[in-house]
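What the coordinates show
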Number of protein chains: 2
Amino acid sequence: MSDAVILHEYAPSGNCYKIRLTAALLGIPIERRNYDILKGETRTPDFLANVNANGRIPVLQVGNRFLPESNAACHWLAAGSVLIPSDRFGQADMLRWMFWEQYNHEPNVATLRFWLASIGERALTEMQRSQIAGKRAAGEAALTLMADELNRRDWLVGDAPSLADICLFPYTHVAGEGGFDLARWPSIGRWIARMEALPGHVPMSD
Amino acid sequence: MSDAVILHEYAPSGNCYKIRLTAALLGIPIERRNYDILKGETRTPDFLANVNANGRIPVLQVGNRFLPESNAACHWLAAGSVLIPSDRFGQADMLRWMFWEQYNHEPNVATLRFWLASIGERALTEMQRSQIAGKRAAGEAALTLMADELNRRDWLVGDAPSLADICLFPYTHVAGEGGFDLARWPSIGRWIARMEALPGHVPMSD
């Protein structure tokens, strides 16, 4: 890899941690640049013009090219590695969990954590507060779907850890900060322990 | 391809059309089974147990294996074809647009179409009605981001159509049904014409 790889991130974000975890498990060095999203540092004209027009982190910079979307960044890092299944169905099934994460899991499990643990319930808007119950139910449904799968198998795809596990790990393992009681889903607890035991694993706080 | 490929779908859904469009452009025959989501046909015990525990269509069945998530199904169909860039960054950049579609585009552009054109504004819940303005603004931002990119290039990734274009086409080209005025984004109109001119293209109503 000749190009420098730079992660533009907000370190407490689970979406950024996905990328650090993928890089750590594969032993790929990355440089990190931090932006405080609570201070609007990803909505500045400079950020919008030069890093991501969508005003969001993470963005993975590879040389002079910029790759937004956490799961796409993980895919770039893991291309050709053991973290992506080698067969056609396995690759698509891994992506299935990653698309599901962005549509069914993150907007509920991660958003409630951000609202309750980062912004704080009393500072939420009326609109946000009115969505808590719906996001709670949808987040519980997402965790239940994962738990049912993890009752039948050790890893979400095939018989080895893949990007599907890595991309679902960050927000799942801190779901308690969003008010989800993980003790309800023991198979998720066992999967979290397996993830934390992987050689090269780094915690979210690193 | 030895296994039969069956699309479990609700034909008016843009997520299902993505898969039909990918298959048509690649000349892959698929069998279709229809479910009426407005009548709850994807929430029956049989569907949840045998097709998708998440209660959603589309699901692509390959032999006796089931693949939910529209963009993952497109990826299975297109594996190894010209619709997926051959280079590592191009592949990740294509996935970037596909994850962005599920997170920033579909929940706004597609949901407003479903609410306004399928359910009807008067039949919406109070909670849904309160979200219209937010989804309108977010949908406009998504279409603007696409339009800016399509002002600079003919296709979203590289210089040829890829799954990024195919997965963004369905809900974008009928965004008018959700109240978005596509005349505001001329570069999107030109891209829609290019998509419709591709050999093998099929319309959503097929």
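Residues numbered from 1 in each chain as written. Chains lettered and ligands numbered in written order. Predicted model: local features only at pLDDT ≥ 70, side-chain atom pairs only at ≥ 80, totals over all residues. Heavy atoms only, no water.

The name given to chain A in an unreviewed UniProt entry is Glutathione S-transferase family protein, with the source organism recorded as Sphingobium nicotianae.

1. Thoughts on the side chain of Asp165 of chain B
All names here are of chain B. Position of Asp165 relative to the elements: it lies in helix H6 (residues 163-173). This buried residue, Asp165, is left without a salt bridge; Arg194 holds the nearest opposite charge, at 7.3 Å. If we skip the residues at most four places from it in the chain, Asp165 touches Trp155, Leu156, Ala160, Trp191 and Met195. (Helix = DSSP H or I, 4+ residues; strand = E, 2+ residues; numbered from the N terminus. Buried < 20%, exposed > 50% of the residue type's maximum accessible area, 1.4 Å probe, protein only. Lys, Arg positive; Asp, Glu negative; His and termini not counted. Salt bridge = Lys/Arg side-chain N within 4 Å of Asp/Glu carboxyl O. Contact = heavy atoms within 4.5 Å.)

2. Quick word on the pairing of strand S1 (residues 5-9) of chain B
Residue and element names in this part refer to chain B. With respect to burial, S1 is a largely interior element, 5 of its 5 residues being buried. The alternating pattern of S1 places Val5, Leu7 and Glu9 and Ile6 and His8 on opposite faces, both of which are buried. When S1 meets strand S3 (residues 59-62), the two strands line up antiparallel, connected through 4 bridges. The residue of S3 that forms the bridge with Ile6 is Gln61. Where the polypeptide runs from S1 across helix H1 (residues 14-26) and back to strand S2 (residues 31-34), its parallel neighbour, the crossover connection is right-handed. (Pairing = 2+ DSSP bridges. Right-handed = clockwise from strand over helix to strand, strands pointing away.)

3. Let's talk about the domain arrangement of chain A
Residues and elements named next belong to chain A. Domain annotation for chain A reports domain 1 (5-78) and domain 2 (88-196). Each of domain 1 and domain 2 has a C-alpha centre, and the two are 21 Å apart. If you look at the interface, domain 1 gives 17 residues, while domain 2 gives 16 residues. Between domain 1 and domain 2, roughly 1200 Å² of surface is buried when both sides are summed, and carbon and sulfur atoms account for 67% of that area. Taken as a group, Tyr17, Lys18 and Asn71 account for 34% of the area that domain 1 buries against domain 2, more than any other trio of residues on that side. At the boundary of domain 1 and domain 2, one finds 1 salt bridge. Across the pair Glu101 and Lys18 runs a salt bridge, and its minimum N-O distance is 3.0 Å. Where domain 1 touches domain 2, the interface holds 7 residue pairs in polar contact (both at pLDDT 80 or more). Mapped onto the side of domain 1 that touches domain 2, the elements with two or more residues apiece are helix H1 (14-26) and helix H3 (70-78). (Domains from an automatic or database assignment. Buried area = accessible area lost by both parts, 1.4 Å probe. Polar contact = N/O pair within 3.5 Å; in protein donor to acceptor, adjacent residues only side chain to side chain.)

4. Considerations on the environment of Tyr103 of chain A
Its place among the elements puts Tyr103 of chain A in helix H4 (residues 88-119). For Tyr103 of chain A, a relative accessible area of 22% corresponds to the partly exposed category. Distance in space between the C-alpha atoms of Tyr103 of chain A and Ile28 of chain A is 28 Å, their sequence separation being 75 residues. Ignoring anything within four residues of it in the chain, the contact list for Tyr103 of chain A reads Arg56, Gln102, Glu106 and Pro107 of chain B.

5. What about the interface of chain A and chain B?
At the interface, 34 residues of chain A touch 34 residues of chain B. A buried area of about 3400 Å², summed over both sides, lies between chain A and chain B, and 66% of it is on carbon and sulfur atoms. Inspection of the region where chain A meets chain B yields 6 residue pairs in polar contact (both at pLDDT 80 or more). Counting only elements with at least two residues in the side of chain A that touches chain B, the list comes to strand S4 (65-68), H3, H4 and helix H5 (126-152) of chain A. The element that contributes the greatest number of residues to the side of chain A that touches chain B is H4 of chain A, accounting for 14 residues.

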